[in-house]
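Close look at the chain arrangement
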Amino acid sequence: VCKRHLIIFGFAIWLYCIFLKTVLFLLFSTERCDEVLATPLPYSAFSSSSILGADFGAGYAKLNRRVGNGGWSPLDSDRYRWLQVDLRGRKQITAIATQGRYSSSDWTKQYRLLYSDTGSNWRPYRQDGNIWTFSGNWNSERAVRHELQYTIVGRYLRFIPLEWSEEGRIGLRVEAYGCAYWADVINFDGQGVISYRFRQKKMKILKDVISLRFKTSKGDGVLLHGEGQQGDYLTLELRRAKLVLQINLGSNQYGSIQGHTSVSSGSLLDDDHWHSVLIERYRRSVNFTLDQHTQSFRTNGEFDHLDLDYEISFGGMPVSAKPSSGGPQNFVGCMEGIHYNGDNITNLARRKRVDTSSFRNLTYTCPVSQTFPAFFNSTSTLQLPGQSEADTVSVSLQFRTWSPSGLLLFTPLMPGGVELSLVEGKVVVHIYISQGKNARVDISSGSGLNDGQWHSVHFLALESFAMLTINGDETSSVRASLPIQIRTIGDYYFGGDFFHTHKNIFHSRSFQGCMQLIHVDGELVDLHAVEKGMLGSFENVSLDMCAIIDRCVPNHCEHGGRCSQTGDTFKCSCDGTGYTGATCHTSVYEQSCEEYKHLGRTSDSYWIDPDGSGPLEPFKVSCNMMEDKVWTTLVNDLPPQSAVSSGSDPAQGTVLRLNYSMTTDQVNAITSSAEHCEQYVAYACRMSRLLNSPDGSPYTWWVGRGNEKHFYWGGSGPGIQKCACGIERNCTDPNYYCNCDADQRQWREDAGVLMYKDHLPVTQVIVGDTQRSGSEAKLTVGPLRCQGDRNYWNAASFNTPASYLHFPTFRGETSADISFYFKTSSSYGVFLENMGNNDFIRLELKSAYMVSFSFDVGNGPVELTVRSLTPLNDDQWHRVEAERNVKEAVLRLDKQHREVRAAPPQGHTQLQLYSQLFVGASGGQRGFLGCIRSLKMNGVTLDLEERAKVTPGVKPGCSGHCSSYGMHCQNGGKCVEKYNGYSCDCSLTAFDGPFCTDDVGGYFESGTMVRYDFMSDSTSAPVGKGVSGALGVEGNLTQEELSFSFSTSHAPSVLVYISSKTQDYLAVVLRTLQIRYSLGGLKEPFTISLDHRNMANGQPHSVNISRQERLIQLQLDHYPTVSYSLPDASDTVFNLVKTIFLGKVFETGQIDPVLIERYNSPGFVGCLSRVQFNRIAPLKAALRPAIPSTASIQGVLVESNCAAFECCVCLCLICIIAVVIFTILCTLVFLVRHMFRHKGSYHTNEAKGAESADCADAAIIVNDPAFTETIDESKKEWFI
């Protein structure tokens, strides 16, 4: 029994293994779709343009076969040869391979691949936006295989050799890999519609999956449509050869919710080739895929379900759904593989399970296209014969192109010629006759004809007139008369200028695009015969295919850049977008106010772009540059003290909405990167309660980020239903936690600052207690203020050559930008690197003067380098910016040095990476030693600090910012290192502001005095500047510096007086400016007088005095410095400096009586600013009472920006002068008009001597010998 059980068990295991193997085989083979397709075919399945001999036939061109002469070779080796394979049915092709002719010198180096269902209307294989050129073989034996980037479907394959062996000729053996393909096909005639009825009358659909393939030669038509009575609809439609998906999940009756969403994709879809469509929807999220290009979007509105009634139709709209005006056209063409939410519609139609009654003749085959297009590039020409010596020129054709200009047709006449061209999007005909006197006739019609659509042109010249018709609109035909009768030669040249040496030909760019349905002399040209060499001739024309490419779909111009194109390239216009570069990828603005500050900018409004090249648009903010912080301010539209009116629904309360001048995402970008944010709120109330109690329901709440409700008020925090007075326990009524909750009849207020930045900004405030009689409330919500930029200062220090940080793989397939700051003392090192199979991207410090940006997208390595004029290993911050897109690569260093490299016109464009991104050393590369900060890749800041916290050899943050930014601290300001940046310490200067550049000044009224006392010190030894004197203590000085600015119109006065505990002093007084030094040893003070200058003229003046021992240097305003010397008898030590007086002197002890008698009364009246004695700023100390000092003020001193005051005075004077001048001019004009233009009367004031003068001018000259004007001047007419 056990043995029997074992046998049964073993047999079961065997069956299971066989089953598993079969399933895995089927799955594997299905997934790979990698069957050999060409080798099993018979000889007759292969054909070619020509063969070198019987043993070189196309049927011998099978991979690894040696029969015949070991492969195919054509009779002639040129670019018009082709090898064709009939796969005997439609197949999915996933890969191809080629080989040279066996044991020969014949192989193909490069080739193109065409495919078709019918053996006509060929479609070239495209990749990376171009007709792809495959690399072939470099010998006759080794096979080269290429995996296709996407699967193609077709029955016929055609290989076009482009380059071949120099030692031999074209030689080729080929193979195709793939699997079978089958799908039900339905031909739509423009009348019939497939109606798929739902099992239920109404369908409420949360998820949709719709797929189909279509081909058509018509640019307009509805592919599918469904709608519901509630206004929901789903429509897929061709419009001007573009596919448009329209979807509406619901709009409300008031119009406040608009659900309509429209997205377009693709271009040139009327090319009579198969295109695949996939629509995937889950709730409001939609993926819309056309030919491997996917667009992801969310529908508008707030609804999730698609409500459809009765049915969904394919091929058009049912008659019941069409508007009375007719509506869009039905689809004309073929569809296959129609699937709707799991149901195979084409299969159901074949089995009569869906309504197809609207079809006249339903067929399940797709007719072969009857058109035979020709594709022209910039070097293409096509010559066709016509009637010779005829009196008529009749040519018509259809064309499509993106190029604004190009030659469509030229035909010579006897004598002369006719030229039909596209010029700036319109068709222009030049008819010129060179017999006898040259004559020329120009006709033009149409506009915007370079839009990629098919357009028809018909030109007729008969006897003595010519006519041009565009798009068959005969009512708009343009006619012109001809000077002589037409006489033809009989040759017609299309797409190229054969007679470019002819003197009279209007030169224009060669046509790039497609032509079809060419008629000459009223007869349709048989291009099949042209292809076989039986009719006409051609050069570089691709027949039976239209390979025009829309290079603007998908649009590589980012951020709203406008794309324009020609036949071989595209360009982006970035005007007005806020971005720059070949694809409008790079922002022209800085990322934050913090960055503007470190560029040396002052407080102002600036445009910022927090995510750089990311999707957020730039927006304008107010930047307030403080000494230690930078505030970013975002203003809302709610006026201060806005009265709260009673709402219509007491239960809902009154809703006050706040709008900011930017989107929610833009505001969130500010708050997310900021270190701190705050917003002031104030609620003024009279019998209007605010929050109630911590345990009760609040009367008022506010809505912040993410539409979340919050029940705390300014001065409190999340989860605490209190106001600021409740936190500080100083509310009006101690029984409540808000002043307003006491419900008193007097006006009260609850105000404070909201500081939890993840909840900000305030977007709504809902006020609930204003319905009662006597209830009143006023609301104030201040601007959102944020400071700091964590992204800008996000840094890491790399301490060893082997240290690195790793991040997820960088995704920058078609567009990539990288920017960062670095500082180092090393002369080399890798900044970052990301690898792929063959692709890579790397930024590196190559030397102490050079930065390198290298990459490979499959076309071979490319390296850009920029060289600095100064060393980069100077331990200062340097900025690197690198960008690569489908058009070019750019490397910038410190915004000064730049290199640009254009992308090749043909080749790979996508960067395929797979490894982790390494910042610092990796893979044996030379590691970077130093600091990297603010690393951004495609607009996303990498968090270096967070990763550095858990990585050995790397430390978060970086010190030493002052070495790079310290020069921004001016006027003696000291740069102070911070963890995230730096600040300027202006405490020992006479200036304020973030960079110590703002003057500190004050306006002195009569009798105003500022006094600054030095602190007592027992030290009396002589000291130099910057020791005790700099610290504000008494001392003996052998050198000092005094500087200040002033403006006044009053004299005499005391500007500055510095006293001592002895009789030493320094005084600067004004009647004429005078500097008085008394240091002892002299009977009278040493005086420097400037008698020749009036300094009390109301203009600003600056004074700089410096002394070192006996040498005194004085500089006034912008004049050169003048040197003076103390007499030998004078002492050189300023003993025991005691007090600084500004504006007036009030001192006990002995004072120079001259100062008191002549200058001290009534005191200085005017403006003093930036007063500094050594390192003491007495005026600033007096005006900044928050800073402890010995400064004091007597009288009225008003802080004033003296420079601004002076500018205002100057502006006022300028305005007054301008008004006076204007008045004088008006008066003069009136007088001149009165003298020369009297109206209503006629006066003759003849000069004496007029009788003997020849003319009036001569009479004036005779009468006034002193007349100095010329006769020409006297003849001027005055029109006033």
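Whatever comes next refers back to the structure up there.
Residues numbered from 1 in each chain as written. Predicted model: local features only at pLDDT ≥ 70, side-chain atom pairs only at ≥ 80, totals over all residues. Heavy atoms only, no water.

**So, the sheet that holds strand β14 (residues 221-227)**
What counts, and what does not: Whether two strands pair depends on DSSP finding at least two bridges between them. The helix and strand labels rest on DSSP assignments: H or I over at least four residues marks a helix, E over at least two residues marks a strand, and numbering proceeds from the N terminus. Every axis in this analysis is a line fitted to C-alpha atoms, fitted for helices over the stretch in contact. Angles between the N-to-C directions lie between 0 and 180 degrees.
One open sheet accounts for 6 strands, arranged β12-β21-β14-β15-β16-β17; its pairing is antiparallel. Looking at the sheet topology across the chains shown, the edges are occupied by β12 (194-205) and β17 (260-265). Taken pair by pair, the neighbouring strands of this sheet meet at an average axis angle of 15°, ignoring direction. Here strand β16 (residues 242-248) pairs with β17 via 6 bridges, running antiparallel. Note on β17: the bridge partner recorded for I247 is T261.

**Some details on the packing of aromatic side chains**
As a reminder, the rule being used: Any pair of Phe, Tyr and Trp rings, taking the six-membered ring for Trp, is counted once the centres come within 6.5 Å. Such a pair is stacked with planes under 30 degrees apart, edge-to-face with planes over 60 apart, and tilted for the rest. Three exposure classes are used, based on accessible area relative to the maximum for each residue type with a 1.4 Å probe and protein chains only: buried under 20%, partly exposed in between, and exposed over 50%. Any Lys NZ or Arg CZ that is within 6 Å of a ring centre and within 35 degrees of that ring's normal is treated as a charge sitting over the ring.
In this structure the tally under the stated criterion is 35 aromatic pairs. With centroids separated by 6.2 Å and ring planes inclined at 70°, the aromatic side chains of F798 and F928 adopt a geometry described as edge-to-face. Of this pair, F798 sits in strand β52 (residues 795-798) while F928 is found in the loop between β62 (917-920) and β63 (930-937), placing the two residues 130 residues apart along the sequence. Pair check on accessibility: F798 and F928 agree, each one buried. Among the aromatic residues, those joined into a ring-pair cluster are Y111, Y125, F134, Y150 and F159. One cation-aromatic arrangement involves R1071 over Y1159; the distance from NZ or CZ to the ring centre is 5.7 Å.

**Focus: the state of the cysteines**
To keep it simple, the criterion reads: Pairs of cysteine sulfur atoms within 2.5 Å are identified as disulfides in what follows.
Under the definition given, this model contains 14 disulfides. Across a sulfur-sulfur distance of 2.0 Å, C725 and C731 are joined as a disulfide pair. Its S-S torsion of about 85° marks the bond between C725 and C731 as right-handed, since a negative value means left-handed. The two residues C725 and C731 agree in class, both being buried. The disulfide partner of C931 is C958, and the gap between their sulfur atoms is 1.9 Å. Across the disulfide from C931 to C958, rotation about the S-S bond amounts to roughly 85°, and the bridge is consequently right-handed. With a gap of 27 residues between them, C931 in strand β63 and C958 in the loop between β65 (954-956) and α8 (962-965) connect regions that are remote in the sequence. In this pair, the class of C931 matches that of C958, namely buried.

**Some points on the environment of G250**
By the element assignment, G250 lies in the loop between β16 and β17. Under the relative-accessibility criterion, G250 is labelled buried at 7%. In this structure, the C-alpha to C-alpha distance between G250 and E302, residues 52 residues apart in sequence, is 7.9 Å.

Interpretation note: all reported values are geometric properties and have no functional meaning in isolation.
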